[in-house]
Amino acid sequence: MKKRLLAALVASAAVLSLAGCNNGGSSSGSSSSSSSTSGSSSSVSKTEESKPAEDVKDDDDTLTILTWESNNDIQVQKKFFCEKTGISEDKIKIVSCGADGTAGRDGIKQYMKGSEDADLFTMDAEWTSLYTNDDTLTLPYSEIGLKAADFPNAYKYTIDMGTAENGIFKAASFQCTPGGFVYRADLAKEYLGVNSPAEMQEKVKDWDTFKATAASLYSASGNKTSICATTGGLWQVYQCYRTQPWVKDGKFQMDTAENFYDIVKEYVDNKYCADVPQWDTAWYAAVRDGSALGDFVPTWGLTTAGGGSILENFNGATVEGATDVLANDALAICEGPSGWYWGGTYYAVSARCNTKATAKKWIEIFCNDDAAMKEYAEKTGDFVNNKPVMKGIIDAKTNKNKYLGDQDHFAVLANVADTIDVTGKVTKYDSQAKTCLNDSVSALLKGEVADKAAAIEKCKNDFAAACPDVVVE
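Nothing here was measured: the structure is a model prediction, and the numbers come from that model.

Let us now look at the nonpolar core. Core analysis: the biggest nonpolar cluster contains 143 residues, and F151, F181, M200, L293, W362, I363 and L437 have the highest contact counts within it. If one sorts the elements of this core by residue count, helix 11 (residues 257-269) sits on top with seven residues. In this structure W362 touches L63, I65, I74, Q77, K78, F81, I92, L120 and Y347, once residues within four positions along its chain are discounted.

Let us now look at the sheet that holds strand 6 (residues 179-184). The four strands lie next to each other as 7-10-6-11, forming an open sheet whose pairing is mixed. Both outer strands of the open sheet, strand 7 (226-228) and strand 11 (331-334), are each paired with one neighbouring strand and no more. Mean inter-strand twist for the sheet, computed between neighbouring axes without regard to direction, equals 20°. Pairing of strand 6 with strand 11 involves four bridges; the strand directions are antiparallel. Considered in strand 11, the bridge of V182 is made with I333.

Moving on, we come to the packing of helix 3 (residues 73-85) against helix 14 (residues 356-367). The geometry of helix 3 relative to helix 14 is characterised by a closest axis approach of 11 Å and an angle of 105° between their N-to-C directions. The orientation of helix 3 with respect to helix 14, classified from their angle, is roughly perpendicular. From helix 3, I74, Q77, K78, F80, F81, K84 and T85 reach across to helix 14, where they touch T358, K361, W362, I365 and F366. Tallied by class, residues from the contact of helix 3 with helix 14 come to six nonpolar, three polar and three charged.

Here we take up helix 4 (residues 101-111). Buried within helix 4 we find G101, G104, R105, G107, I108 and Y111. Of the surrounding secondary structure, the elements contacted by the buried residues of helix 4 are strand 1 (63-67), strand 2 (92-96), strand 3 (120-124), helix 5 (128-132) and helix 18 (430-445). Taking the backbone nitrogen of T102 as reference, a side-chain oxygen 3.3 Å away marks D100 as the first, capping residue of helix 4.

How each quantity is defined
- Once a new chain begins, its residue numbering starts again from 1 and follows that chain's sequence as written.
- In keeping with the model being predicted, local features are shown solely for residues with a pLDDT of at least 70 and side-chain atom pairs are shown and tallied solely at 80 or more, while totals for entire chains, interfaces and linings include all residues.
- Side-chain metrics rest on all non-hydrogen atoms present in the structure, leaving aside hydrogens and water.
- Each nonpolar core is a collection of buried residues, namely Ala, Val, Leu, Ile, Met, Phe, Trp, Tyr and Cys, held together in the definition by side-chain atoms within 4.5 Å.
- The buried label goes to any residue with under 20% of its type's maximum accessible area, the exposed label to any with over 50%, and the partly exposed label to all in between, with areas taken from a 1.4 Å probe on protein chains only.
- Only runs of H or I of at least four residues qualify as helices and only runs of E of at least two qualify as strands under DSSP, and these elements are numbered from the N terminus.
- Contacts: residue pairs with any heavy atoms within 4.5 Å of one another.
- For two strands to be treated as a pair, DSSP must find no fewer than two bridges joining them.
- The axes are straight lines fitted to the C-alpha atoms, using for helices just the contacting stretch, and the angles between their N-to-C directions are given from 0 to 180°.
- An angle below 35 degrees is read as roughly parallel, one above 145 as roughly antiparallel, one from 65 to 115 as roughly perpendicular, and any other as oblique.
- Note on residue classes: Ala, Val, Leu, Ile, Met, Phe, Trp, Tyr, Cys and Pro are nonpolar, Asp, Glu, Lys and Arg are charged, and everything else, Gly too, is polar.
- Between N or O atoms, a polar contact is any pair within 3.5 Å; within protein, one atom must be a potential hydrogen donor and the other a potential acceptor, and residues adjacent in sequence are included only when both atoms are from side chains.

Structure follows, in structure tokens:
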């Protein structure tokens, strides 16, 4: 992934050209000075003494994991774990605490107010900090005999994400989540003369080129095909360009997010973006019917284990009753205009975990066992949180994504994985801030607010109501 000069990106944003995130290295200088910012995550884990193995034991025989309904990974992992350990599937209880990750943020907390069994729970990256900084909800990993140093092969940003503000390590992820641009290879050939992912990358290599290609595509398709499907996808990329946390010194700050209102309005008004809702059948249908050339998809959206991933839904093969299933070589992936990441699922140990030995085993298999992680990556297509494992798979050239015409998406996205940097930019308010931002963008596009200034005011007012402990000016 080519590095983008920060100055060039700022200038691009100033003229309303979509400025996405630069590739981690450039932003780390800005964020490193704020690593001690109030409300942001620490970049260094404390040296902790882990409990000895004899003290990490199970007091009941059922591992209960709290999650949300749309987390398709968890059922795949349950089966995988039981095959690896010989533990019966009826001893792994999965409890849904909401329809999706946003609902899970509040649903898991509500569940924890009761007294039902809870050993582990999954957390979306956006609200991991909300839980790791609450000792009434989560235990340090040292309580199950693990510490940050026990995960030497993990990508650094995931360790930072799982570390509480006091330096205590509390969460590990099984995946690294860089993203790319998934597109209709057949339509790119027809409308843009593109014959390979390398040629497509030249058409979307930076944001000025991406916008120019969007205009050419819309014209060449007879005003039928936008370059991307969702404004949510644009935001996932653009938010990586933020250099400051949402909350600093107890005050709300929008940083570069204010530019996004101009950018998204330009893309929607000019039909560069189809503006269909994410997580809706219309999102997937837009790619299948050609009203969108493609969209931005992270690694976890590219899995192939039949769990209904974004890629599988774009193809249509796993969609019940779909009559518009694409050929397996109709889709392809390239890096896109700038490096970015989206989300990731982290495992926390519940404050009332009473199945600690099995909880430890679960985390070790998915987050630290080289052989198991390699098998899981090859089985599912997920980009696991283990540098040597991913390098080995890429070097062996064995990864062939069947929904991308056997293209190796690991090789495409590996360039950006090492550049992800969240130091000083993660706060417990991130999920709520994103919700308020997206609601205000939607209001602007629907004409529910008069202009950008009114949209920003709505975002701030909504955030102030949701987070009264933060000063909003």
